[in-house]
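Each chain, written out:
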Amino acid sequence: MNALDIAIAAKTYRKNSDTPALANLAFTVPSGQFLCIIGPSGCGKTTLLSIVAGLDRDFVGTVGRADQTRIGFVFQTPRLMPWLSARDNVRLALDPPPGNEGRAEALLREMNLGNQLDSYPGHLSGGQQRRVALARAFVNDPQLLLLDEPFTSLDAPTAQQLRDLLLALWLRQRPTVVFVTHDLREALSLGDRILFLSAAPGRVVLDLPVELARPRSPDGPAVEAARKRLLDLYPDLLSGLDKQRNAEDAA
Ligand code: ADP
Ligand code: MG
């Protein structure tokens with residue numbers, strides 16, 4: 001059964017009414033799949049996730065998913081409440097709040113934050129804040145997990161630790177995942193499948209299964225070979241993405 005059945009005819013922001021943010025974007029996601037969505041900056045990835053999450057209902061089209069689907073969301077920035085401890089940031093997301101008392105703490109310990117349970121976000125590193133955000137997204141055992149470039153602006157080892165944590169939790173709990181990135185190595189190291197979106201308004205230009213054995217390393221030879229093969233096959237499609245990544249790496 002499909003966890004998601006997306007058909008967006010058009011999404012236009014009122015402030016930007018001459019150009020749609022999304023147009024004619026359709027795809028389905030089978031239950032339990034780890035889908036990566038990759039596309040250039042401004043092509044509508046964040047807009048798409050907001051629509052899939054039900055946070056944005058101002059669009060023309062349909063988002064099919066089971067009623068009462070439990071959704072976890074990891075935003076582009078951690079978005080923690082600065083006046084709450086790490087533990088209380090995660091507990092705040094618990095649904096309903098008094099249930100599963102130990103779950104927030106157990107997840108944070110699993111994320112190696114056992115010594116920071118009572119720390120406030122301002123006292124946590126960027127990587128630690130991301131871990132709290134990941135724990136918050138998992139705390140209700142989501143059936144659908146949406147992640148919006150969650151590990152950008154972290155150093156490479158920290159980003160990799162977070163990817164490993166995410167994969168371990170996904171393998172255990174098996175939510176359907178939609179993971180947005182503009183990093184092809186990251187998509188190839190994480191996904192069962194990659195959807196490539198065009199520049200704005202984002203349309204699906206390529207829908208590829210990733211048939212690499214797990215575990216995979218984003219800097220390992222299998223991912224590098226798959227990346228080279230894709231760049232050979234679709235040079236125009238991917239050159240923009242790689243340029244963007246190189247510019248960010250240089251920054
Ligand atoms: P991405 O996440 O792929 O970088 P976004 O979904 O953030 O892209 O944005 C897609 C397009 O919609 C961009 O042209 C952006 O400027 C525009 N946009 C995004 N959010 C808003 C908003 N709140 N109001 C007006 N335009 C927006
Ligand atoms: Mg975005």
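Residues numbered from 1 in each chain as written. Chains lettered and ligands numbered in written order. Predicted model: local features only at pLDDT ≥ 70, side-chain atom pairs only at ≥ 80, totals over all residues. Heavy atoms only, no water.

Draft legend 1. Fine view of the packing of helix H3 (residues 103-110) against helix H4 (residues 126-138). Relative to each other, H3 and H4 sit at 135°, their axes nearing to 9 Å. By the angle between their axes, H3 is oblique relative to H4. For H3 against H4, the interelement crossing comes out right-handed. Contacts from Arg103, Leu107 and Leu108 in H3 reach Val132, Ala135 and Phe138 in H4. Partitioned by chemical class, the residues of the contact of H3 with H4 number five nonpolar, no polar and one charged. (Axes fitted to C-alpha atoms, helices over the stretch in contact; angles between N-to-C directions. Helix = DSSP H or I, 4+ residues; strand = E, 2+ residues; numbered from the N terminus. Parallel < 35°, antiparallel > 145°, perpendicular 65-115°, else oblique. Left-handed = near helix turned anticlockwise from the far one by under 90°. Contact = heavy atoms within 4.5 Å. Nonpolar A, V, L, I, M, F, W, Y, C, P; charged D, E, K, R; others polar.)

Draft legend 2. Main features of the site of ligand 1. Looking at ligand 1, the residues that line it are Tyr13, Lys15, Asn16, Ala21, Pro40, Ser41, Gly42, Cys43, Gly44, Lys45, Thr46 and Thr47. Lys45 places a main-chain nitrogen or oxygen 2.8 Å from an oxygen atom of ligand 1. Between ligand 1 and the protein, one listed contact pairs an oxygen atom with a side-chain N or O atom of Thr47 at 2.5 Å. Notes on ligand 1: free accessible area 560 Å², of which the protein chains cover 66%. Class assignment for the residues of the shell around ligand 1 results in four nonpolar, six polar and two charged. (Near = heavy atom within 4 Å. Polar contact = N/O pair within 3.5 Å; in protein donor to acceptor, adjacent residues only side chain to side chain. Areas by Shrake-Rupley, 256 points an atom, 1.4 Å probe, with all protein chains shown as cover.)

Draft legend 3. Spotlight on the environment of Val74. Within the secondary structure, Val74 sits in strand E5 (residues 71-74). Residue classification places Val74 among the buried residues on the basis of a relative accessible area of 2%. Measuring from C-alpha to C-alpha, the distance between Val74 and Asp148 comes to 6.1 Å, with 74 residues separating the pair along the chain. Beyond its immediate sequence surroundings of up to four residues, Val74 is in contact with Ala133, Leu134, Ala137, Leu146, Leu147, Asp148 and Pro150. (Buried < 20%, exposed > 50% of the residue type's maximum accessible area, 1.4 Å probe, protein only.)

Keep in mind these values describe shape, not function.
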